[in-house]
Amino acid sequence: MIPVTKVHLPSSDKYKSYIDKIWETGWITNNGECVRELEDKLKNYLGVKHLFFVSNGTIAIQIAIKALELQGEVITTPFSYVATTSSIVWENCEPVFADIDAQSLCINPAEIESKITDKTSAIMATHVYGNACDVEAIHKIAEKHNLKVIYDAAHSFATDYKKESVLKWGDISTLSFHATKIFHTVEGGAVVTDNDEIAHKLSYLRNFGHKTPESFWGVGVNGKNSEMHAAMGLCMLDEIDDVIALRKDMANEYDAVLPKTGIQKPSPNSNQSLNYAYYPILLESEEKRIEVQEALNKENIFPRRYFYPSLNKLPYLKEGGPDMPVSESAGKRVLSLPFYTSLKKEEIKMVADIIKATVKV
Ligand SMILES: *Cc1c(COP(=O)(O)O)cnc(C)c1O
């Protein structure tokens with residue numbers, strides 16, 4: 001069976017050495033040594049000022065919304081994982097969708113301004129597949145209308161925009177370190193900001209609002225993560241450059257063997273570096289996508305429709321919102337191909353041959 005993704009597991013000897021240390025100290029959670037070491041190393045590696053390791057990428061978004069005290073309407077992308085929208089709803093805000101750009105599949109800045117009302121408090125955009133949003137255009141719109149900006153950067157570990165971390169854009173960026181992401185801590189995530197005031201808020205929001213054991217800065221939640229998860233992150237961080245290099249080779253291999261016509265690939269921003277987090281393709285029509293998917297499934301190969309459904313169609317949203325034709329069309333035609341570090345060249349060739357044969361029909 002060839003699934004869309006398989007977890008990359010780092011050296012188990014290294015992991016065990018961290019576990020032995022944890023057993024010695026008996027300190028397994030609450031801002032322990034591994035958590036602090038991981039946060040310091042990640043800040044350094046990613047080139048960001050403040051980073052808080054949290055229990056997952058979804059609580060990272062929820063904490064970000066709380067820290068910026070968002071209310072009312074949040075303009076967001078319909079083309080992302082469900083957590084981008086569900087977190088807005090969970091925090092009692094209303095998602096207002098702006099359609100995506102047909103090339104990058106990120107939110108289209110030209111669609112944002114017409115969605116702004118006097119209830120709009122923020123823009124929440126996703127750097128989908130690690131393709132950076134048009135951060136400069138979004139920044140200008142936010143400044144002009146006095147809006148906050150959160151980037152769901154769950155796919156953007158270690159990507160730069162104009163030679164600096166893309167995580168520096170917006171008021172807050174959030175990361176997911178789930179097992180399916182290129183850098184993972186089993187479960188985990190992070191909230192990132194360059195702003196000292198926001199950072200202070202994030203620090204207590206993650207930890208029940210504690211100021212001291214018996215006093216509180218404000219309301220908080222439990223967003224902490226454990227020493228065992230941090231230890232996994234430390235082991236992964238040692239291997240991440242190799243992981244990204246390997247994924248780059250695999251992407252080049254797919255590029256070389258996939259058909260040159262009949263498929264489209266989302267294109268990244270020309271100012272950014274890539275992390276090769278996913279390998280998505282768009283077929284010409286929904287019918288072709290179904291044919292390709294069925295042909296692959298028949299050979300026990302399981303690509304996934306990242307991302308479907310278009311989030312404006314979620315059943316718990318107010319019905320009758322505007323259609324998002326670009327996002328809905330992408331969702332009908334997209335397949336993320338199998339893409340993981342243990343995927344073999346022959347398997348890539350096999351996937352490509354099946355797609356070639358099907359696209360041609
Ligand atoms: C994975 C993902 C999340 C959620 O992260 P978890 O760590 O699984 O909670 C949020 N947004 C996007 C775009 C994701 O891909």
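Shown above is the structure to which this text applies.
Quantities reported herein were computed from a predicted structural model and do not represent experimental measurements.

Some points on the pattern of salt bridges
Tallied over the entire structure, the rule returns 17 salt bridges. Salt-bridge contacts for Glu-39 lead to Arg-206; the nearest nitrogen and oxygen are separated by 2.8 Å. With Glu-39 in helix 2 (residues 33-46) and Arg-206 in the loop between helix 7 (196-205) and strand 11 (210-212), the pair connects residues that are 167 residues apart, well separated along the chain. In this structure, Glu-39 and Arg-206 share a single accessibility class: buried. Measuring nitrogen to oxygen at the nearest pair gives 3.7 Å for the salt bridge that ties Glu-253 to Lys-345.

Some points on the nonpolar core
Grouped together as the largest cluster of nonpolar side chains are 87 residues, with contacts concentrated most on Phe-157 and Ile-355. A total of 13 residues in this core trace back to one element, the largest contributor, which is helix 8 (residues 227-257). In this structure, Leu-68, Met-124, Ile-150 and Ala-199 belong to the second largest nonpolar core, which totals 24 residues.

A look at the pairing of strand 10 (residues 189-193)
The buried count for strand 10 comes to 5 of 5 residues, which makes it a mostly enclosed element. On strand 10, burial covers both faces: Gly-189, Val-191 and Thr-193 on one face and Ala-190 and Val-192 on the other are all buried. The sheet contact formed by strand 2 (residues 50-54) and strand 10 spans 5 bridges and is antiparallel. When the bridges of strand 10 are listed, Phe-53 appears paired with Ala-190.

Let's talk about the environment of Asn-56
On the secondary structure map, Asn-56 appears in the loop between strand 2 and helix 3 (57-67). Residue class for Asn-56 comes out partly exposed when judged on its relative accessible area of 26%. When the C-alpha atoms of Asn-56 and Tyr-254 are compared, they prove to be 31 Å apart, with 198 residues separating the residues in sequence. Apart from the residues lying within four places of it in its own chain, the contact partners of Asn-56 are Glu-187, Gly-188 and Gly-189. A polar contact of 2.7 Å, which involves the side chain of Asn-56, links it to the backbone nitrogen of Ile-59.

Some details on the sheet that holds strand 10
Taken in spatial order, the 7 strands make up an open sheet running 2-10-9-6-5-3-4, and their pairing is mixed. Each of the sheet's edge strands pairs with one partner strand only, and the pair in question is strand 2 and strand 4 (94-97). Taking each pair of neighbouring strands and ignoring which way they run, the sheet shows an average axis angle of 25°. Across 4 bridges, strand 9 (residues 172-176) lies against strand 10 in antiparallel orientation. The residue bridging Leu-175 from the neighbouring strand is Ala-190, located in strand 10.

Some words on the state of the cysteines
Simply put, the disulfide is a covalent bond whose two ends are the sulfur atoms of two cysteines. In total, this model carries 0 disulfides according to the counting rule given. We note that Cys-34 lacks a disulfide partner, and the nearest cysteine sulfur, in Cys-235, lies 8.8 Å from it. Cys-34 gets classed as buried once you look at its relative accessible area, which sits at 7%. With no disulfide of its own, Cys-93 has Cys-133 as its nearest cysteine by sulfur position, at a separation of 19 Å.

A few points about the packing of helix 3 against helix 4 (residues 82-90)
In contact at an axis separation of 9 Å, helix 3 and helix 4 are set at 45° when each is read in the N-to-C sense. Taken together, the axes of helix 3 and helix 4 are oblique relative to one another. The crossing of helix 3 and helix 4 is right-handed. Side by side, helix 3 and helix 4 meet where Thr-58, Ile-61, Gln-62 and Ile-65 of the first sit next to Ala-83, Thr-84, Ser-87, Ile-88 and Trp-90 of the second. A per-class count over the contact of helix 3 with helix 4 returns 5 nonpolar, 4 polar and no charged.

Topic: the environment of His-200
In this fold, His-200 is placed in helix 7. You can call His-200 partly exposed: its relative accessible area is 33%. Separated by 44 residues in the primary sequence, His-200 and Ile-244 have C-alpha atoms spaced 32 Å apart.

Concerning the packing of helix 2 against helix 8
Orientation of helix 2 relative to helix 8, taken along the N-to-C sense of each, is 30°, at an axis distance of 8 Å. Considering the angle they form, helix 2 stands roughly parallel to helix 8. Between helix 2 and helix 8 the crossing geometry is left-handed. Contact residues: helix 2 offers Glu-33, Cys-34, Val-35, Glu-37, Leu-38, Lys-41, Leu-42 and Tyr-45, while helix 8 offers Glu-227, Ala-230, Ala-231, Gly-233, Leu-234, Leu-237, Ile-240 and Asp-241.

Each value, and the rule that gives it
Along each chain, residues carry numbers from 1 onward, in the same order as the chain's sequence is written. Reporting of local features is limited, given that this is a predicted model, to residues whose pLDDT is at least 70; pairs of side-chain atoms are given and counted only at 80 or more, and all residues count toward the totals for whole chains, interfaces and linings. Side-chain metrics in this entry use all non-hydrogen atoms of the structure; hydrogen atoms and water are not considered. Salt bridge criterion: a side-chain nitrogen from Lys or Arg within 4 Å of a carboxyl oxygen from Asp or Glu. Starting at the N terminus, helices and strands are each numbered in turn, a helix being any DSSP run of H or I of at least four residues and a strand any DSSP run of E of at least two. Residue exposure (1.4 Å probe, protein chains only): buried if accessible area is under 20% of the type maximum, exposed if over 50%, otherwise partly exposed. Only buried residues count toward a nonpolar core. Its members are Ala, Val, Leu, Ile, Met, Phe, Trp, Tyr and Cys residues joined through side-chain atoms within 4.5 Å. Between any two strands, at least two bridges found by DSSP are needed for them to pair. Two residues form a contact once any of their heavy atoms are found within 4.5 Å. Any pair of N or O atoms that falls within 3.5 Å is considered a polar contact. Within protein, one atom must be able to donate a hydrogen and the other to accept it, and sequence-neighbouring residues count only if both atoms are side-chain atoms. Angles here are taken between N-to-C directions and fall from 0 to 180 degrees, while the axes themselves are lines fitted to C-alpha atoms, restricted in helices to the stretch in contact. In what follows, a disulfide is any cysteine sulfur pair within 2.5 Å. Just so you know how the angles are binned, under 35 degrees is roughly parallel, over 145 roughly antiparallel, 65 to 115 roughly perpendicular, and the rest oblique. Here a crossing is taken to be left-handed if its near helix is turned anticlockwise relative to the far helix by less than a right angle, and right-handed if that turn runs clockwise. Note on residue categories: nonpolar means Ala, Val, Leu, Ile, Met, Phe, Trp, Tyr, Cys or Pro, charged means Asp, Glu, Lys or Arg, and polar means any other residue, Gly included.

Everything listed here is a matter of coordinates, which is why it stays silent on function.
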